[in-house]
Amino acid sequence: MYSAVGLLTIGVAYMLYTIGGVPSIHGKFGLFVYLYVLFAATSGRLFWGRKIKRNTHKLIALSAVLLLAIQIMLALYLYVL
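Residues numbered from 1 in each chain as written. Predicted model: local features only at pLDDT ≥ 70, side-chain atom pairs only at ≥ 80, totals over all residues. Heavy atoms only, no water.

## Section: the side chain of Gln-71
Inference 1: Relative to the elements of secondary structure, Gln-71 occurs in helix H3 (residues 54–80).
Inference 2: Since its relative accessible area comes to 12%, Gln-71 is described here as buried.
Inference 3: In this structure the side chain of Gln-71 is engaged in a polar contact, spanning 3.2 Å, whose partner is the backbone oxygen of His-26.
Inference 4: Not counting the four nearest positions on each side in its chain, Gln-71 is found in contact with His-26, Phe-29, Gly-30 and Val-33. (Helix = DSSP H or I, 4+ residues; strand = E, 2+ residues; numbered from the N terminus. Buried < 20%, exposed > 50% of the residue type's maximum accessible area, 1.4 Å probe, protein only. Polar contact = N/O pair within 3.5 Å; in protein donor to acceptor, adjacent residues only side chain to side chain. Contact = heavy atoms within 4.5 Å.)

This is how it looks when you write it as structure tokens:
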């Protein structure tokens, strides 16, 4: 998960530097996914600190993976279109 956060941080920083904003729906959804993955990483820390339960963290992490998969499929769709 932390490698995904690192790679997404590089990707978001590159996108913002290159384009200068978030003009497309893919970029807006990607920014939302990035923030959600950061939230999932934070929930992992909360889980290890025994602040939240395992099932709650598991639900957050699985939804983050699902959002990442949807983001990749959207990127491929927009690239082919």
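## A closer look at the nonpolar core
Inference 1: Of all hydrophobic cores here, the largest spans nine residues; its members are Val-5, Val-33, Tyr-36, Val-37, Ala-40, Ala-41, Ile-60, Ala-64 and Leu-67.
Inference 2: Among the elements of the structure, helix H2 (25–48) and H3 are those that each provide at least two residues to this core.
Inference 3: Among the elements that line this core, the one with the most residues is H2, at five residues.
Inference 4: Not counting the four nearest positions on each side in its chain, Val-33 is found in contact with Leu-67, Leu-68 and Gln-71. (Core = buried A, V, L, I, M, F, W, Y, C linked by side-chain atoms within 4.5 Å.)

## What about the environment of Arg-54?
Inference 1: Note that Arg-54 resides in helix H3.
Inference 2: We classify Arg-54 as exposed; its relative accessible area is 57%.
Inference 3: With 26 residues separating them along the chain, Arg-54 and Lys-28 place their C-alpha atoms 30 Å apart.

## Concerning unusual backbone geometry
Inference 1: At Arg-50, a residue that is not glycine, the phi angle is positive and equals roughly 60°.
Inference 2: Structurally, Arg-50 can be placed in the loop between H2 and H3.

## Considering the packing of helix H1 (residues 2–19) against H2
Inference 1: It is at 10 Å that the axes of H1 and H2 come closest, and there the two elements cross at 150°. For the element pair H1 / H2, the angle class is roughly antiparallel. Helix-helix and strand crossings are classified by hand; for H1 and H2 the assignment is left-handed. Where H1 abuts H2, its residues Tyr-2, Val-5, Leu-8, Thr-9, Val-12 and Met-15 lie against Gly-27, Leu-31, Tyr-34, Val-37, Leu-38, Ala-41 and Arg-45.
Inference 2: Looking at the contact of H1 with H2 residue by residue, the class counts come to 10 nonpolar, two polar and one charged. (Axes fitted to C-alpha atoms, helices over the stretch in contact; angles between N-to-C directions. Parallel < 35°, antiparallel > 145°, perpendicular 65-115°, else oblique. Left-handed = near helix turned anticlockwise from the far one by under 90°. Nonpolar A, V, L, I, M, F, W, Y, C, P; charged D, E, K, R; others polar.)

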